[in-house]
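Structure at a glance
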Amino acid sequence: MRDLLLIALFAFLGAAAAGLLGALVLRLLRHRSLVVSMSVVAGVAVTAMLAGTLTVAWAMFLSSHDLYVVTTVVAMAAAVSLVTAVLLGRWVAARSRELTLAARSFGDGGTFAPPAGQPTAELAALTRELAATSAKLDSSRERERALETSRRELVAWISHDLRTPLAGLRAMAEALEDGMAPDSGRYLRQIRTEVERMNGMVGDLFELSRIHAGSLTLAPARISLYDLVDDALAGAGPLARERGVRLVGDRIEEVPVEVDGKEMSRVLGNLLINAIRRTPADGTVALSAHRSDGGVVLSVTDGCGGIPEEDLPRVFDTGWRGSHARTPPAGAGLGLAIVRGIVEAHAGRAEVRNVQGGCCFSVTLPAV
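In the annotation of an unreviewed UniProt entry, the protein is listed under the name histidine kinase and assigned to Streptomyces microflavus. Turning to the protein, the UniProt annotation filed under Catalytic activity (unreviewed entry) states: "ATP + protein L-histidine = ADP + protein N-phospho-L-histidine." Note on the protein: under the UniProt heading Subcellular location (unreviewed entry), the record states "Cell membrane".

Here you go:
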């Protein structure tokens, strides 16, 4: 038993000395290539085994021949271990370089293409994460391009929509100032109409800026869906009668919702006004509200004839107005963007789909 303990002690001392030396070398070379590090690790393992073996052999007073045999066996094992470590390190380093080049490509604005070959489990996990990140970046770039396009269109359309009424206002003001207006009362009424329209446009821009800045403050309260819809129908009634459009409430369920009443009234008002303006005379605009598995759904169905399929994803974009003329009362293309912003602020979603003879705008809100 005593001899066994001495052998273990001598082997431990020799291996510990080799291990400490290897740890020092690893610390000095920690910023070098993976091939160097793996070679050092393999060398430390073999050196520790050799040091322990030789220490025990010397303590046991082995013959020179036996000591030579033991040293040769350990040296061959060391050579094989070092070669294996170098080959493995070179293989892993090559895969790392390929992964670095692939990551650099999508970092420069391209798409990440995973390198060929079978990497280690860790590199495979890193490859999957880089691929997911690349997909997110592609989606973000696409949204940024679409947003930039909509912003440019918005600036152009707002400039057009403001320039036209301003030119008219200046002409009417000059006519009134020179006493050349045949019907001053009509001119004044027209001026007030144009001012109110421009004021509404400025209000929409302010609302949209609050939504985009994340400063839209909600004051949610528990209200009846029936009351919310009834107020929206009453507010849009005069415009519907003026245009000869039938405005009906269909399947209005009396279910409670917890929303900001003022903001949701704006949502329904924008949807109804948009639907009435797009629906021809003698057409019908229907508003329905019911509970579904996904929450509470409010739908506005019009008779606009439908929206081209390629335009459906852009309907709620800022400044989108389809192929209709950019003249009043087409608006600045902000109403539906405001609808989406307010609905998403309520943790809901806004959608649109084509139906027979028109389209249906749906707003889904969380159920109480």
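Back to the write-up after that little detour.
1. Focus: the overall build of the protein
Along the backbone of the protein there are 8 helices and 7 strands. The buried share among the 368 residues of the protein stands at 33%. Across the protein, contacts joining residues at least 24 apart in sequence account for 70% of those joining residues at least 6 apart. Just so you have it, the protein exposes about 21,600 Å², and 60% of that area is on carbon and sulfur atoms.

2. Things to note about the UniProt feature "transmembrane region" (unreviewed entry) in the protein
Following the UniProt record, the feature "transmembrane region" (unreviewed entry) maps to residues 6-26, 38-61 and 67-88 here. Structurally, residues 67-88 comprises 100% helix and 0% strand, and the distance from its first C-alpha atom to its last is 31 Å.

3. Re helix H8 (residues 335-345)
Here H8 has its buried residues at Leu-336, Ala-337, Ile-338, Val-339, Gly-341, Ile-342 and Val-343. Where H8 ends, the next residue or the one after it, Ala-347, has phi of about 65°, a positive value.

4. Concerning the side chain of Ser-362
Tracing the backbone through its elements, the reader meets Ser-362 in strand S7 (residues 358-365). At 3.4 Å, the side chain of Ser-362 forms a polar contact with the side chain of Ser-299. Not counting the four nearest positions on each side in its chain, Ser-362 is found in contact with Val-297, Leu-298, Ser-299, Arg-349, Ala-350, Glu-351 and Arg-353.

5. Describing the environment of Gly-303
Looking at the secondary structure, you find Gly-303 in the loop between strand S5 (295-301) and H8. A residue is classified by how much of its surface remains accessible, and Gly-303, at 25% relative accessible area, is partly exposed. Linking Gly-303 and Cys-360, residues 57 residues apart in sequence, is a C-alpha distance of 9.2 Å. Those residues in contact with Gly-303, other than ones at most four positions away along the chain, are Arg-278, Thr-279, Pro-280, Thr-284, Gly-357 and Gly-358.

6. Points about helix H7 (residues 261-278)
In this model, H7 (18 residues) spans 26 Å end to end at C-alpha, consistent with the 26 Å of a helix rising 1.5 Å per residue. Glu-263, Met-264, Val-267, Leu-268, Gly-269, Asn-270, Leu-271, Leu-272, Ala-275 and Ile-276 are the residues of H7 that are buried. The N-terminus of H7 is capped by Asp-260, whose side-chain oxygen sits 3.1 Å from the backbone nitrogen of Lys-262.

7. Here's the deal with the sheet that holds S7
Strand order across the open sheet formed by 5 strands is S2-S4-S5-S7-S6, with mixed pairing between neighbours. Strands at the two margins of the open sheet, each flanked by one partner only, are strand S2 (246-252) and strand S6 (349-355). Strand-to-strand twist in this sheet, taken as the mean axis angle between neighbours without regard to direction, amounts to 15°. Where S2 meets strand S4 (residues 284-292), 6 bridges bridge the pair, whose relative direction is parallel. Looking across to S4, one finds that Leu-247 is bridged to Val-285. Along the sheet, helix H6 (residues 225-243) makes contact with S2, S4 and S5, crossing S2 at roughly 170°.

8. Quick word on the packing of H6 against H7
Relative orientation and spacing of two packed helices are given, respectively, by the angle between their axes and the distance between those axes. It is at 9 Å that the axes of H6 and H7 come closest, and there the two elements cross at 30°. Judged by the angle between their axes, H6 and H7 are roughly parallel. Handedness of the H6/H7 crossing: right-handed. In this structure, H6 uses Leu-228, Val-229, Ala-232, Leu-233, Ala-236, Leu-239, Ala-240 and Arg-243 to contact H7, whose residues at the interface are Gly-261, Met-264, Ser-265, Leu-268, Leu-272, Ile-273, Ile-276 and Arg-277. Its residues assigned to classes, the contact of H6 with H7 comprises 12 nonpolar, 2 polar and 2 charged.

Parameters at a glance
- For every chain, the first residue of the written sequence is number 1, and numbering continues from 1 onward in sequence order.
- Thresholds applied to this predicted model are a pLDDT of at least 70 for local features of residues and 80 or more for the giving and counting of side-chain atom pairs; totals over whole chains, interfaces and linings are not thresholded and use all residues.
- Just so you know, side-chain values use all the structure's heavy atoms and leave hydrogens and water out.
- UniProt positions are given in the numbering used here, feature names are shortened, and annotations may be inferred rather than shown by experiment.
- Put simply, DSSP marks the helices as runs of H or I at least four residues long and the strands as runs of E at least two long, and each gets a number from the N terminus on.
- Partly exposed residues are those whose accessible area sits between 20% and 50% of the maximum for their type, while under 20% is buried and over 50% is exposed, using a 1.4 Å probe and protein chains only.
- Any pair of residues with heavy atoms lying within 4.5 Å of one another is described as a contacting pair.
- Each accessible area value is a Shrake-Rupley result obtained with a 1.4 Å probe; residue values ignore everything except the protein chains displayed when judging cover.
- Whenever a nitrogen or oxygen atom comes within 3.5 Å of another N or O atom, the pair is scored as a polar contact, on the condition that within protein one atom can donate a hydrogen and the other can accept it, and that pairs from neighbouring residues in sequence are kept only if both atoms are in side chains.
- By this rule the span expected of a helix is its residue count minus one, scaled by 1.5 Å.
- A strand pair is defined by DSSP finding two or more bridges across the two strands.
- Simply put, an axis is a line fit to the C-alpha atoms, just over the touching stretch for a helix, and the angle between two N-to-C directions goes from 0 to 180 degrees.
- The labels follow the angle: roughly parallel below 35 degrees, roughly antiparallel above 145, roughly perpendicular from 65 to 115, and oblique for the rest.
- In this scheme the crossing of two helices becomes right-handed for a clockwise turn of the near helix relative to the far one and left-handed for an anticlockwise turn of less than a right angle.
- Gly falls in the polar group here, along with every residue not listed as nonpolar (Ala, Val, Leu, Ile, Met, Phe, Trp, Tyr, Cys, Pro) or charged (Asp, Glu, Lys, Arg).

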